Amino acid sequence: ETSKASNFIHQMIENDLAAGAHDKVVTRFPPEPNGYLHIGHAKSICLNFGTAEKFGGVCNLRFDDTNPEKESQEYIDAIMSDVSWLGFKWGGDVRYTSDYFQQLFDWAVHLIKEGKAYVCDLSPEDARDYRGNFTTPGRNSPFRDRSVEENLELFEKMKNGEFAEGACSLRAKIDMASPSMILRDPMLYRILHMAHHQTGDKWCIYPIYDFAHGQSDAIEGITHSLCTLEFEEHRPLYDWFIENLPVPAQPKQTEFARLNINYTVTSKRKLKQLVDEHIVESWNDPRMPTISGLRRRGYTPGSIRNFCDSIGVTRSNSTVDMGMLEASIREDLDSSAPRAMCVTQPLKVTITNYDDAAEEWFELPAHPKDETMGVRTVPFTRNLLIEQDDFAEVPPRKWKRLTQGVAVRLRGSYVITCDEVIKDEAGNVVELKCSYDPATKGENPVGYKAKGVVHWVSADNSLPCEVRMYDRLFTEENPDGDKERDFKDFINPESLVVLSNARVELGLKDVPAESRFQFERTGYFCVDSDSSSDKLVFNRTVGLRDSWAK
Ligand code: ATP
Ligand code: MG
Ligand code: MG
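Given the structure is predicted, the values throughout are model-derived calculations rather than measurements.

The rules behind each value
Residues numbered from 1 in each chain as written. Chains lettered and ligands numbered in written order. Predicted model: local features only at pLDDT ≥ 70, side-chain atom pairs only at ≥ 80, totals over all residues. Heavy atoms only, no water. Core = buried A, V, L, I, M, F, W, Y, C linked by side-chain atoms within 4.5 Å. Buried < 20%, exposed > 50% of the residue type's maximum accessible area, 1.4 Å probe, protein only. Helix = DSSP H or I, 4+ residues; strand = E, 2+ residues; numbered from the N terminus. Contact = heavy atoms within 4.5 Å. Axes fitted to C-alpha atoms, helices over the stretch in contact; angles between N-to-C directions. Parallel < 35°, antiparallel > 145°, perpendicular 65-115°, else oblique. Left-handed = near helix turned anticlockwise from the far one by under 90°. Nonpolar A, V, L, I, M, F, W, Y, C, P; charged D, E, K, R; others polar. Pairing = 2+ DSSP bridges. Near = heavy atom within 4 Å. Polar contact = N/O pair within 3.5 Å; in protein donor to acceptor, adjacent residues only side chain to side chain. Areas by Shrake-Rupley, 256 points an atom, 1.4 Å probe, with all protein chains shown as cover. Right-handed = clockwise from strand over helix to strand, strands pointing away.

1. Things to note about the nonpolar core
If you look at the biggest cluster of nonpolar residues, it comprises 37 residues, and the most contacted ones within it are I39, I304 and F307. Among the secondary structure elements, those contributing two or more residues to this core are α2 (39-54), β2 (58-63), α3 (73-85), β10 (259-261), α10 (291-297), α11 (301-311) and α12 (322-336). Per-element tally for this core: the top contributor is α2, with six residues. Beyond its immediate sequence surroundings of up to four residues, I39 is in contact with L259, I261, T266, P289, L294, I304, F307 and L325. Judged by nonpolar contacts, the second largest core, of 36 residues, contains F105, F155, A218 and L237.

2. Let's talk about the packing of α11 against α12
Packing of α11 against α12 leaves a shortest axis separation of 9 Å and a crossing angle of 135 degrees. As the angle between them shows, α11 and α12 are arranged oblique. The handedness of the crossing between α11 and α12 comes out as right-handed. Mapping the contact onto sequence places G302, S303, F307, S310 and I311 in α11 and M324, L325, S328, I329 and D332 in α12. By residue class, the composition of the contact of α11 with α12 is five nonpolar, four polar and one charged.

3. Section: the sheet that holds strand β1 (residues 26-29)
The three strands are arranged β1-β2-β3 in an open sheet whose pairing can be described as parallel. Strand pairing shows two members of the sheet lacking a second neighbour, β1 and β3 (95-96), which therefore form its edges. As defined by bridge partners, β1 adjoins β2 across four bridges and the pair is classed as parallel. Within β2, the residue paired with T27 across the bridge is C59. Most of the contacts of α2 go to β1, to which it runs at about 160 degrees, and overall it touches β1 and β2. Seen against the sheet, helix α7 (residues 209-220) touches β1, β2 and β3 and runs at an angle of roughly 140 degrees to β2.

4. Thoughts on the sheet that holds strand β18 (residues 407-410)
Taken together, seven strands build an open sheet; the order of strands is β21-β18-β19-β20-β14-β17-β22 and the sheet is mixed. Both outer strands of the open sheet, β21 (453-454) and β22 (456-458), are each paired with one neighbouring strand and no more. Pairing of strand β19 (residues 415-423) with strand β20 (residues 429-437), which is carried by eight bridges, proceeds in the antiparallel orientation. Residue pairing across strands places V421 opposite L432, the latter belonging to β20.

5. Digging into the site of ligand 1
Neighbouring ligand 1 are 14 residues; E32, H38, T228, L259 and K268 lie closest to it. Within the side chain of H38, one N or O atom sits 2.9 Å away from an oxygen atom of ligand 1. Taking K268, its side chain carries an N or O atom lying 2.6 Å from an oxygen atom of ligand 1. If ligand 1 stood free it would expose 600 Å²; the protein chains cover 86% of that surface. The residue makeup of the shell around ligand 1, split by class, is five nonpolar, six polar and three charged.

6. Considerations on the side chain of S225
You can see S225 is positioned in strand β8 (residues 224-228). Within the structure, the side chain of S225 is placed 2.6 Å from the side chain of D217, a separation counted as a polar contact. Excluding residues that lie within four positions of it along the chain, S225 makes contacts with R28, H213, D217, Y238, K252, Q253 and T254.

7. As for the side chain of R468
Note on placement: R468 falls in strand β23 (residues 463-470). Judged by relative accessible area, which is 12%, R468 ranks as buried. Among the polar contacts made by the side chain of R468, one reaches the side chain of E466 at a distance of 2.7 Å. Once residues lying within four places of it in the same chain are set aside, the contact partners of R468 are R296, L496, V497, V498, D528, D530, V537, F538, N539 and R540.

8. With respect to the pairing of β8
The element β8 is largely enclosed, with a buried count of five among its five residues. Here β8 pairs with strand β9 (residues 252-256) via five bridges, running parallel. Across the sheet, residue T228 finds its bridge partner in β9, namely F256. Taken together, β8, helix α8 (residues 235-244) and β9 constitute a β-α-β crossover, and its handedness is right-handed.

If you want it as structure tokens, here you go:
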């Protein structure tokens with residue numbers, strides 16, 4: 001198996017293995033359960049699980065749950081379901097950083113005993129002030145020289161709930177003048193009087209990410225701890241803990257570039273705002289860049305994995321075009337999705353020379369390039385429906401669809417000619433009276449030409465459905481790019497257009513949710529979970545070609 005794009009991490013691991021640094025590759029995917037996973041996480045999932053797969057190792061799923069304020073079981077369940085849906089299997093049971101709270105606490109005590117950690121009573125604001133900045137060294141906290149005994153006693157009291165939130169914290173004693181800001185006596189534990197979704201009321205002090213992450217990696221024997229570039233400046237601290245604690249292994253952190261995609265946002269915090277403020281329906285709204293949203297939109301796991309594979313893994317941040325993600329599902333569905341005809345905005349067509357009582361069944365291939373997918377049969381009757389957009393009273397130049405006096409082929413059946421246009425009082429076209437040419441079943445017309453091909457359904461013998469035309473969620477390439485304006489100002493008002501009078505061919509009766517189709521000439525669609533046998537509901541996954549107006 002060869003990756004299409006460059007992946008510097010795979011090259012690095014090959015070197016490590018050649019040098020005999022590890023017997024086995026162990027990675028982990030460490031989401032915080034404070035939201036649903038998005039397409040950016042898919043990159044990390046594909047990298048971590050894909051790397052383990054490639055080198056015959058394992059990838060753990062670890063919930064990085066050190067922040068009970070924002071976390072919940074709902075998110076844990078959703079994350080497990082998304083990772084599985086993408087087709088990955090984690091090694092052993094799911095893990096939680098909270099499983100290691102006792103060990104982490106013991107290691108904190110170890111640092112205190114070694115004179116490398118102290119309880120500090122500075123308020124968060126004062127601590128920030130003491131830290132200095134990139135040009136000014138920090139100042140030592142007045143609490144830095146507390147004795148080991150006093151620190152042990154105070155830390156025990158912190159753990160026992162004897163202090164209010166913010167009253168004190170445990171900090172590492174490293175170097176307040178370090179050029180690396182993260183080494184200026186970073187916080188290890190904070191007080192939070194709050195129940196935790198896994199540990200209940202057992203703890204009221206919680207470790208900071210930096211104190212938990214590398215040690216959890218060490219406990220699990222992670223060989224390669226892969227994270228995004230914003231953690232690069234945390235690496236000296238990651239290494240400091242590994243060097244200064246009796247950990248069972250020596251994991252190494254390597255950073256790679258986050259995935260950013262234009263016309264959307266990939267930040268759980270922002271996606272949560274869209275849900276909380278009812279700008280979208282839910283985390284799995286088909287417009288969301290969440291894995292569950294993409295799934296409901298009609299994306300396949302393979303298309304997301306291919307996309308992640310094709311963008312490569314590097315150390316330079318960049319923005320990927322949404323068109324690339326769309327192209328990957330289009331490519332997948334072009335070969336895998338059966339074809340069907342759906343008229344999304346119907347216009348009545350009456351075939352005046354076709355007997356009212358007659359009905360014929362036409363056989364059409366389920367897929368034009370794949371005979372193994374079989375055929376479908378569609379009924380032809382006197383009353384038909386075509387797309388309103390496939391008729392123009394005053395056609396533009398090179399018009400290949402219907403207009404008065406012109407012949408077109410109805411896909412897979414006869415050539416018809418429009419003889420008369422019927423309008424309502426307001427002047428809207430409400431019906432076309434057409435005639436069909438009985439000699440054109442599978443044959444070209446004699447003496448004249450059909451201008452083009454349009455799709456259709458029988459008005460009497462088709463299924464009512466709702467079609468949800470989804471489009472990009474934002475009108476701007478970079479919705480967070482304008483510092484003066486909120487990203488929510490750039491929501492695309494046409495990101496969802498509901499067409500509730502659509503009709504689809506009969507064969508789609510009772511198709512299960514998530515079935516995917518190409519509606520001929522219209523786009524790729526999938527059956528929504530709101531769909532029922534009374535009313536089918538289809539979501540547009542993507543158009544037939546890239547038509548986003550730039
Ligand atoms: P967000 O900013 O959306 O909350 P996060 O990084 O805080 O993202 P985590 O749950 O901590 O979310 O992420 C789990 C893993 O996924 C981390 O290793 C993180 O680096 C990675 N990850 C998150 N977002 C992206 C992204 N856009 N591209 C690549 N990897 C990502
Ligand atoms: Mg994070
Ligand atoms: Mg986050």
